[in-house]
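One-letter residues, chain by chain:
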Amino acid sequence: MPQPIGQIESDVAPARRCNRCGAAVEGTRHTRTDYVVGYYLLHTGPTSEATIRRGGDDEMPVTYRRLLDVVEIVGCPRCFGEPEVRRLWAAFGGPPGGDPT
Ligand SMILES: [Zn+2]
């Protein structure tokens, strides 16, 4: 298969920016023995309760939470240490893992 010509720029993902300070963040970089976290991403959004009915009328409808709107919250490692950001994180999805202290 010949390579397509004229596509010098490869797929560069749009730079993510920290929601708090606006700093550009990079993805996690792995080395042989360790890794460096580039940013923290929280994938969340407002939800609403929805029901889905399956099978016949005698089946109970299943209630689940539907994600209405996807919100991505990006935090650079520096801001992630801020209590304000930690609170936001905790409010959405529980404690973040991997506290190095
Ligand atoms: Zn930041």
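Residues numbered from 1 in each chain as written. Predicted model: local features only at pLDDT ≥ 70, side-chain atom pairs only at ≥ 80, totals over all residues.

Novice: Could you clarify how one ought to interpret the overall build of the protein in this entry?
Specialist: Check the secondary structure of the protein and you find two helices and eight strands. Reading the protein from its N terminus to its C terminus gives the helix and strand order β-β-β-β-β-β-β-β-α-α. Counting only contacts in the protein whose residues sit at least 6 apart along the sequence, the fraction spanning at least 24 positions is 46%. (Helix = DSSP H or I, 4+ residues; strand = E, 2+ residues; numbered from the N terminus. Contact = placed C-beta atoms within 7 Å.)

Novice: Would you mind showing me how to read the pairing of strand β6 (residues 47–52) here?
Specialist: Burial within β6 is sparse, with just zero of its six residues counted as buried. In this sheet, strand β7 (residues 62–67) lies alongside β6 in antiparallel orientation, the contact comprising six bridges. Paired with S48 across the two strands is R66, which belongs to β7. (Buried ≥ 20, exposed ≤ 12 C-beta atoms within 10 Å, placed from the backbone. Pairing = 2+ DSSP bridges.)

Novice: Where do I start with the confidence of the model for the protein in this structure?
Specialist: Low pLDDT marks stretches whose predicted atomic positions should not be read closely. In this model, the protein carries a mean pLDDT of 77, and residues with pLDDT of at least 70 account for 76%. Within the protein, strand β2 (residues 24–25) carries the highest mean pLDDT (90), whereas helix α2 (residues 83–93) carries the lowest (77). (pLDDT = per-residue confidence, 0-100.)

Novice: Any chance you could explain the environment of C18 here in plain terms?
Specialist: In this structure, C18 sits in the loop between β1 (16–17) and β2. Take C18: there are 20 C-beta atoms within 10 Å of it, and that puts it in the buried class. Sequence separation between C18 and P77 is 59 residues, and the spatial gap between their C-alpha atoms is 9.2 Å. When neighbours within four sequence positions are excluded, C18 is seen to be in contact with A23, V25, Y39, V74, G75, C76 and C79.

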